[in-house]
Amino acid sequence: MNGAEVIVSALENEGVEQIFGIPGEENLDVVEALRKSSIELVLTRHEQAAAFMAATHGRLTGRAGVCLATLGPGALNLTTGAAYALLGAMPMVMITGQKGILSRKQARFQVVDIVSTMTPLTKMARQIVSPATIPSLVREAFRVAQQERPGPVHLELPEDIAHEPGPDTAPVPPHPIDLPIAPRAALDRAAQLILGAERPLIMLGAAASRPRLAEALSAFVQRLQIPFFNTQMGKGAVTGGSGLYMGTAALSERDYVHRAIDRADLIISIGHDTVEKPPFFMGPDGPTVLHVGYLPATVEEVFFPQAELIGDVGPSLTLLADRLEHKLPRAQALLGLRDDILAHIADRAEESRYPPTPQRIVHDVREAVPEDGIVCLDNGMYKIWFARNYRTHVANTLLLDNALATMGAGLPSAIMAACLNPGRRVLAVCGDGGFMMNSQEMETAVRLKLNLVVLVLQDHAYGMIRWKQATDGFPDFGMTFGDPDFVAYARAYGAKGSRVETADGLAPALEAAFAAGGVHLIVTPVDYSENKRVLVDELRANALT
Ligand SMILES: Cc1ncc(C[n+]2csc(CCOP(=O)(O)OP(=O)(O)O)c2C)c(N)n1
Ligand SMILES: [Mg+2]
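Described in the following lines is the structure provided in the data block. Predicted model, so just to flag it, every value in this text is computed and none were measured.

1. Here's the deal with the overall build of the chain
Point 1. Helix and strand counts for the chain come out as 22 helices and 18 strands.
Point 2. For the chain, the C-alpha radius of gyration of 24 Å lies close to 24 Å, the compact-globule estimate for 545 residues.
Point 3. Taken over 545 residues, the chain has a buried fraction of 58%.
Point 4. In the chain, 75% of the contacts between residues at least 6 apart in sequence involve partners at least 24 apart.

Okay, here's the thing in structure tokens:
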């Protein structure tokens, strides 16, 4: 076996089924080994998209997704995806080529120090220097990528090592890992804190969305009956708990959900990751925060928990609930605020106006997407509206990036979600700016014969920045652009395209697109005057009352 065959068999050993990317000549031995393997090579049209897809695979399954690129330019195109996976805690393994390291007939042509480039963007970055080390290095790469806190790992395979015959070493079999559960003393302390609380509130953060946690987390909330809110990336982690849902902290302060947060005397913060925009600001006057997590909390100026429960979150929460069930007469002290908060959030959701408001767009999307359907957002103004207004009932059904918050990941992440869930409805929601950053992947979606709908919200602008510019008192300058004819653009890829022309046109367009199957782009204008009216003026007034 040569180095390339050893690495591909090690990837098969890890259960890898697909690799996303764009090969270069330095990867040709790997491509040949893939051809003879059980792994599918999925070509993308830009390496950045391949990395977003691989990271999303990790996010949705807990098993690292794999992407492949050549040396230099190809590898550099993976860097934004590496940062996306690092900040977003998504397990991913990136494999890149390199010129030979034993001899180099092309001097420094295309040679960039990718291992150094990747070092601050990954949990581990290594150059492979001999075929014999590959089985243990690949096992180590997956172990590191998948263990808490998950993230990306980079392996560089130089072309001569890929070509070189090595010993027929067997891959290292993965072994089951059971994480430690929080110790008894910490559980007792956490239980005392919760028993003593007058107005407790649960917050679900990004790590609450880990795929393996959904059941235990839902059981915890249902057994204790304490109302909960979530951060943007903690959306959807409680099944059947909708009567206790108080809202999503899409903004850091002053939103309606902060009426509950500001009154709570104890916040049980499950899986909060300070990589997210703060869901609230801690201050000297409370509330007390109990951090429950796989790892201790990172202390920040605005987040400094007074108590912690560290260990495998699911089993630890089960033990905590055993100590508290039926013993919390004040569990629902804050629940009375719920109806008012949710009524404010739902305001104007059914109004017929053209162009539609963001609230109406969120409402119509929710109608068209079943509970287990998956909505993947790019980054733009609408992300705040979806985070605030879109109700989720199943874990990981609203995928958004509140960590790197990069534009361009909406379509690739939706492609990955559609690949993994062929029977479920999958929708990408993108702005006209973010969509154009990776719109070439429409070809990938069509080639893969996916069922996927892409909703493009058109304001001919980098709307979010334009909104911030106005909110900060700057004149309107430098944020507008022209768009292609999106319907014709979709058709040029062999996808279907349609445009929303009336106030009530979005819902039927979505339904028709999902029902027809295949890849479909729907473009709708959006009335962003609501950004100022609600998110600035109304919330400012709310803060004064
Ligand atoms: C790669 C990248 N570049 C720039 C930004 C800064 N940024 C955040 S939102 C935004 C505008 C997004 O425009 P669009 O996709 O059209 O969405 P809209 O806000 O107009 O709905 C920009 C430029 C970013 N987050 N990521
Ligand atoms: Mg826009």
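Here the narrative resumes, following the displayed structure.
2. Focus: the coordination of the magnesium ion (ligand 2)
Point 1. Protein coordination of the magnesium ion (ligand 2) is provided by Asp432 (OD), Asp459 (OD) and Ala461 (O), with donor distances spanning 2.1 to 2.2 Å.
Point 2. Sequence positions of the residues that donate to the magnesium ion (ligand 2) give the spacing D-x26-D-x1-A. As far as the burial class goes, Asp459 and Ala461 line up, both buried.

3. Some words on unusual backbone geometry
Point 1. Of note, the bond from Glu148 into Arg149 is cis; its omega dihedral lies within 30 degrees of zero at -15°.
Point 2. With respect to the secondary-structure elements, Arg149 resides in the loop between α7 (134-146) and β6 (152-158).
Point 3. For the bond from Tyr354 to Pro355, the omega torsion is 0°, close enough to zero to count as cis.
Point 4. Within the chain, Gln225 stands out as a residue other than glycine whose phi angle is a positive 60°.

4. Some points on the nonpolar core
Point 1. One finds Ile270, Leu320, Val365, Val375 and Phe386 to be the most contacted residues of the largest nonpolar core, which totals 99 residues.
Point 2. Counting residues in hydrophobic clusters, the runner-up holds 52 residues, among them Ala85, Ala445, Leu452 and Val523.

5. Overview of the side chain of Glu26
Point 1. Positionally, Glu26 belongs in the loop between β1 (18-22) and α2 (28-35).
Point 2. We classify Glu26 as buried; its relative accessible area is 4%.
Point 3. Discounting residues that sit within four places of it in the chain, Glu26 has contacts with Thr70, Leu71, Gly97, Gln98, Lys99, Gln110 and Glu159.

6. A word on the packing of helix α3 (residues 47-61) against helix α5 (residues 79-88)
Point 1. At their nearest, the axes of α3 and α5 sit 7 Å apart, and the two run at 20° to each other. In terms of axis orientation, α3 runs roughly parallel to α5. In the crossing of α3 with α5, the sense of the turn from one axis to the other is right-handed. Residue-level contacts link Gln48, Ala51, Phe52, Ala55, Thr56 and Arg59 of α3 to Thr80, Gly81, Tyr84 and Ala85 of α5.

7. Let's talk about the site of ligand 1
Point 1. Taken together, 18 residues form the shell around ligand 1, and within it Gly433, Gly434, Gly463, Met464 and Tyr528 come nearest.
Point 2. Contact between ligand 1 and Asp459: an oxygen atom at 3.1 Å from a side-chain N or O atom of the residue.
Point 3. With respect to ligand 1, the backbone of Met464 contributes an N or O atom lying 2.8 Å from an oxygen atom.
Point 4. Relative to its unbound accessible area of 590 Å², ligand 1 is 76% covered by the protein chains.
Point 5. A per-class count over the shell around ligand 1 returns nine nonpolar, seven polar and two charged.

8. A few points about the packing of helix α10 (residues 214-224) against helix α12 (residues 313-324)
Point 1. In contact at an axis separation of 9 Å, α10 and α12 are set at 15° when each is read in the N-to-C sense. Here α12 runs roughly parallel to α10, going by the angle between their axes. Handedness of the crossing formed by α10 with α12: left-handed. Seen from α10, the contacting residues are Ala216, Leu217, Phe220, Arg223 and Leu224; seen from α12, they are Gly314, Leu317, Thr318, Leu320, Ala321, Asp322 and Leu324.

Criteria and cut-off values
Residues numbered from 1 in each chain as written. Chains lettered and ligands numbered in written order. Predicted model: local features only at pLDDT ≥ 70, side-chain atom pairs only at ≥ 80, totals over all residues. Heavy atoms only, no water. Helix = DSSP H or I, 4+ residues; strand = E, 2+ residues; numbered from the N terminus. Rg over C-alpha atoms; globule rule 2.2 N^0.38 Å. Buried < 20%, exposed > 50% of the residue type's maximum accessible area, 1.4 Å probe, protein only. Contact = heavy atoms within 4.5 Å. Donors = N, O, S within 2.8 Å, 3.2 Å for Na, K, Ca; no water. Core = buried A, V, L, I, M, F, W, Y, C linked by side-chain atoms within 4.5 Å. Axes fitted to C-alpha atoms, helices over the stretch in contact; angles between N-to-C directions. Parallel < 35°, antiparallel > 145°, perpendicular 65-115°, else oblique. Left-handed = near helix turned anticlockwise from the far one by under 90°. Near = heavy atom within 4 Å. Polar contact = N/O pair within 3.5 Å; in protein donor to acceptor, adjacent residues only side chain to side chain. Areas by Shrake-Rupley, 256 points an atom, 1.4 Å probe, with all protein chains shown as cover. Nonpolar A, V, L, I, M, F, W, Y, C, P; charged D, E, K, R; others polar.

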